[in-house]
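# Breakdown of the fold
The lines below spell out each chain.
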Amino acid sequence: MSLALLASIALGYLLGSIPFGVIVTRLGGGGDIRAIGSGNIGTTNVLRTGRKELAALTLLGDMLKATAAVLIATWLWDGHAAVLAGAAAFVGHVFPVWLRFKGGKGVATYVGALLGIAWPVALAFAAVWIAVALVTRYSSASALVASLVAPALLAIWQPAETAIVFAALTALLWVLHRDNIGRLLAGEESRIGQHSAAPGGG
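Residues numbered from 1 in each chain as written. Predicted model: local features only at pLDDT ≥ 70, side-chain atom pairs only at ≥ 80, totals over all residues. Heavy atoms only, no water.

For the pair helix α1 (residues 3–16) and helix α5 (residues 79–94), the least separation of the axes is 6 Å and the interaxial angle reads 35 degrees. Once α1 is placed against α5, the crossing between them reads as right-handed. Where α1 abuts α5, its residues Leu5, Ser8, Ile9, Gly12, Tyr13 and Gly16 lie against His80, Ala81, Leu84, Ala85, Ala88, Ala89, Val91, Gly92 and His93. Residue composition of the contact of α1 with α5, grouped by class: nine nonpolar, six polar and no charged. (Axes fitted to C-alpha atoms, helices over the stretch in contact; angles between N-to-C directions. Helix = DSSP H or I, 4+ residues; strand = E, 2+ residues; numbered from the N terminus. Left-handed = near helix turned anticlockwise from the far one by under 90°. Contact = heavy atoms within 4.5 Å. Nonpolar A, V, L, I, M, F, W, Y, C, P; charged D, E, K, R; others polar.)

In the structure shown here, the tally under the stated rule is three aromatic pairs. For the ring pair Phe90 and Tyr110, a centre distance of 6.2 Å and an interplane angle of 75 degrees mean the geometry is edge-to-face. Of this pair, Phe90 sits in helix α5 while Tyr110 sits in helix α6 (residues 107–117), and the two are 20 residues apart along the sequence. Looking at Phe90, the relative accessible area reads 0%, which means it is buried. Between Tyr110 and Phe166, the aromatic rings sit 5.4 Å apart at their centres with planes inclined by 90 degrees, giving edge-to-face as the arrangement. (Phe/Tyr/Trp six-rings, centres within 6.5 Å; stacked < 30°, edge-to-face > 60°. Buried < 20%, exposed > 50% of the residue type's maximum accessible area, 1.4 Å probe, protein only.)

Right, let's get into the side chain of Thr170. Looking at where Thr170 falls in the secondary structure, it is placed in helix α9 (residues 160–176). In this structure, Thr170 is in contact with Tyr110, Ser147, Leu148 and Pro151, ignoring residues within four places of it in sequence.

A few words on a nonpolar patch on the surface. Residues Leu14, Val91, Phe95, Val97, Trp98 and Phe101 make up a contiguous nonpolar surface patch of roughly 560 Å² in combined accessible area. Note on placement: Trp98 falls in the loop between α5 and α6. (Patch = residues over 30% accessible without salt bridge, like charges linked within 9 Å, V, L, I, M, F, W, Y side chains within 5 Å. Areas by Shrake-Rupley, 256 points an atom, 1.4 Å probe, with all protein chains shown as cover. Salt bridge = Lys/Arg side-chain N within 4 Å of Asp/Glu carboxyl O.)

Assignment of secondary structure puts Thr109 in helix α6. A distance of 3.1 Å separates the side chain of Thr109 from the backbone oxygen of Asp62, its partner in a polar contact. Among all residues touching Thr109, those that are not within four sequence positions of it are Asp62, Lys65, Ala66, Ala89, Phe90 and His93. (Polar contact = N/O pair within 3.5 Å; in protein donor to acceptor, adjacent residues only side chain to side chain.)

It is worth spelling out the pattern of salt bridges at this point. Throughout the structure, instances matching the rule amount to five salt bridges. A salt bridge links Asp32 to Arg26; the shortest N-O distance between them is 3.4 Å. A residue is classified by how much of its surface remains accessible, and Asp32, at 25% relative accessible area, is partly exposed. For Arg51, the salt bridge is made with Glu53, and the minimal N-O distance between the two is 2.5 Å. Take Glu53: its relative accessible area is 40%, and that puts it in the partly exposed class.

Remark: α6 packs on α9, axes separated minimally by 11 Å, with the N-to-C direction vectors making an angle of 170 degrees. Classified by the angle their axes make, α6 and α9 are roughly antiparallel. Here Val107, Tyr110, Ala113, Leu114 and Ile117 of α6 come into contact with α9, specifically with Thr162, Phe166, Leu169, Thr170 and Leu173. For the contact of α6 with α9, the class distribution of residues is eight nonpolar, two polar and no charged. (Parallel < 35°, antiparallel > 145°, perpendicular 65-115°, else oblique.)

Take a look at the structure:
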């Protein structure tokens, strides 16, 4: 692997590992988000603080750190490096070195990487998420279905390796949502509005 590709992975991982949920809630006076609700650092758990503005900032931060990784890698190197940077940002969010590798479930960061690589696919992800959410009112199900659509669309509009990378990220996303999947199958998953929810159940 070339030095440029290794550098893009390091860049993506370090940007992705920035724990915006932890930072935003502490600066906003919400304490340590890891001691609230599910203990997750993602947007959904930040919503459990009752501070929608903090949740919105977390969502934006978790998305745009991956977008930034992709755009910087594109500028410094090339499209192959950009895809790896986006994937590494996702991994960094899920396994952040600063939090002993205990991060979020990665949906917002997944979308942020898509936004930098192929914004129409990111829009399609959002459209599918909204459609499934309107029908089922399950945040987690919406994210899971949308994550299946994204690699399929990338296979049409992007190089094959990009679709393969995002298929791998989708597989990891499903593994991270295994508890949500179990609750969905058992009919025990919280619906949107029943408890605070946002894309991904993070």
